[in-house]
Amino acid sequence: MKKKLLICLTAMMTMLVLAACGSGDEKTGESGKKVLKVGMEAAYAPFNWSQKDDSNGGVAIKDSKEYAAGYDVEFAKKIAEGLDMELQIVKTDWDGLIPSLQSGAIDVVIAGMSPTAERKDTIDFSENYYTSDYVIVVKADGPYANATTLSDFSGAKITGQQATTHYDVIDQIPGVNKQVAGTDFGAMRVQLQSGAIDAYVSERPEGISAEMALKNIKYIVPEPNFEADPSTTAVAVGLKKGSDLTEQINKVLAEISEEERQKIMEDAIANQPAAE
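Conventions we followed
Residues numbered from 1 in each chain as written. Predicted model: local features only at pLDDT ≥ 70, side-chain atom pairs only at ≥ 80, totals over all residues. Heavy atoms only, no water. Pairing = 2+ DSSP bridges. Helix = DSSP H or I, 4+ residues; strand = E, 2+ residues; numbered from the N terminus. Contact = heavy atoms within 4.5 Å. Axes fitted to C-alpha atoms, helices over the stretch in contact; angles between N-to-C directions. pLDDT = per-residue confidence, 0-100. Salt bridge = Lys/Arg side-chain N within 4 Å of Asp/Glu carboxyl O. Buried < 20%, exposed > 50% of the residue type's maximum accessible area, 1.4 Å probe, protein only.

Whether parallel or antiparallel, the strands of a sheet pair through hydrogen bonds between backbone atoms. Strand order in the open sheet formed by five strands is 6-1-7-14-8, with mixed pairing between adjacent strands. At either end of the open sheet lies a strand with only one pairing partner, and these are strand 6 (86-91) and strand 8 (124-131). Strand direction decides the pairing type here: strand 7 (residues 108-109) and strand 14 (residues 234-239), joined by two bridges, are antiparallel. Residue pairing in the sheet places valine 108 in a bridge with leucine 239 of strand 14.

Here is the structure:
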């Protein structure tokens, strides 16, 4: 009995040691630096997208053969460098970003996320690192190609990405035929091209990307534009409540000029992958 007990205790101790080693490996990268686990969709060009190689500054995605690139990735690299940490991109569905942050599966969200009041109830945010405005993406030869005001879209079948302010503001369009929310922008572009929807709401960088990637698509900036809190068109880094990284990240962001931010966005738009 004693011998069996000793064997069991030895086995348990071995498992604990191995578990501790595994935990350490997750926190420390190949460089020996602490790892900064950054969550993003890698499906929201020009902020972030997936590609097959490391061109245009692409960074390997954890547990994948793909790489992530785009505006958010460039800022993730700058933040990781400023914190003296090793960057790790964790591809995560949009709806899973905040739960992953809260559970500790990722350290920060850098995914074109707006610091809305509702999100601030559950997570913290850094200072803004980009500010945009809303646009409506349509077919260049479609029935709403010449629309200029929100009223012009009365009766149109319009959607936006689920769990975003893009989807919420659709209600401001008089007589709109609001559709089920889209899962991601790739899916909504397909819906638009097929005629399943007449338009979708987005932000200017994505609208520019859609127009550049697909020749039969254009974006419209309605005048006057949607009414919304400025925070809904801003973009910031999401962090766990009370994170000690917030202040450090703000210091890194403060060193990046507005001119440099615009240049990074211009490059991201130019480098985005062409649609299939």
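Looking now at the sheet that holds strand 12 (residues 199-203). Read across the sheet, five strands follow the order 11-10-12-9-13 without closing on themselves; strand pairing throughout is mixed. Only two strands of the sheet have a single neighbouring strand rather than two, namely strand 11 (177-178) and strand 13 (217-220). One ladder, built from two bridges, connects strand 10 (residues 157-159) with strand 11; its direction is parallel. Note on strand 11: the bridge partner recorded for isoleucine 158 is lysine 178. Packing of helix 7 (residues 204-213) onto the sheet brings it into contact with strand 9 (134-139), strand 12 and strand 13, and relative to strand 12 it is tilted by some 125 degrees.

Right, let's talk about the confidence of the model for the chain for a bit. When pLDDT is averaged across the chain, the result is 90; 89% of the residues are at 70 or more. Note that pLDDT drops below 50 for residues 1-25; the model gives that stretch zero contacts with residues more than four away or on any other chain.

With the rule as written, the count across this model stands at ten salt bridges. The shortest N-O distance in the salt bridge between aspartate 267 and lysine 263 comes to 2.8 Å. Note that aspartate 267 and lysine 263 are positioned in helix 9 (residues 258-271) at a spacing of four residues, about one turn of the helix. Since its relative accessible area comes to 33%, aspartate 267 is described here as partly exposed.

What follows concerns the environment of lysine 139. Tracing the backbone through its elements, the reader meets lysine 139 in strand 9. The sequence separation of lysine 139 and serine 194 amounts to 55 residues, and the corresponding C-alpha distance is 9.9 Å. Not counting residues within four places of it along the chain, the set of residues in contact with lysine 139 comprises Ala145, Leu192, Gln193, Asp198, Asn216, Ile217 and Lys218.

Cis geometry is adopted by the peptide bond preceding proline 46, which originates at alanine 45 and carries an omega value of 5 degrees. Assignment of secondary structure puts proline 46 in the loop between strand 2 (43-44) and strand 3 (48-51). Going from glutamate 223 to proline 224, the amide bond is cis rather than trans, its omega being -5 degrees. As for its placement among the helices and strands, proline 224 is situated in the loop between strand 13 and strand 14. Its identity is not glycine, yet aspartate 63 carries a phi of approximately 55 degrees, on the positive side. Following the sequence through the fold, aspartate 63 ends up in the loop between strand 4 (59-60) and strand 5 (67-69). Even without being glycine, alanine 163 reaches a positive phi, approximately 60 degrees. When you line up the elements, alanine 163 lands in the loop between strand 10 and helix 5 (165-168).

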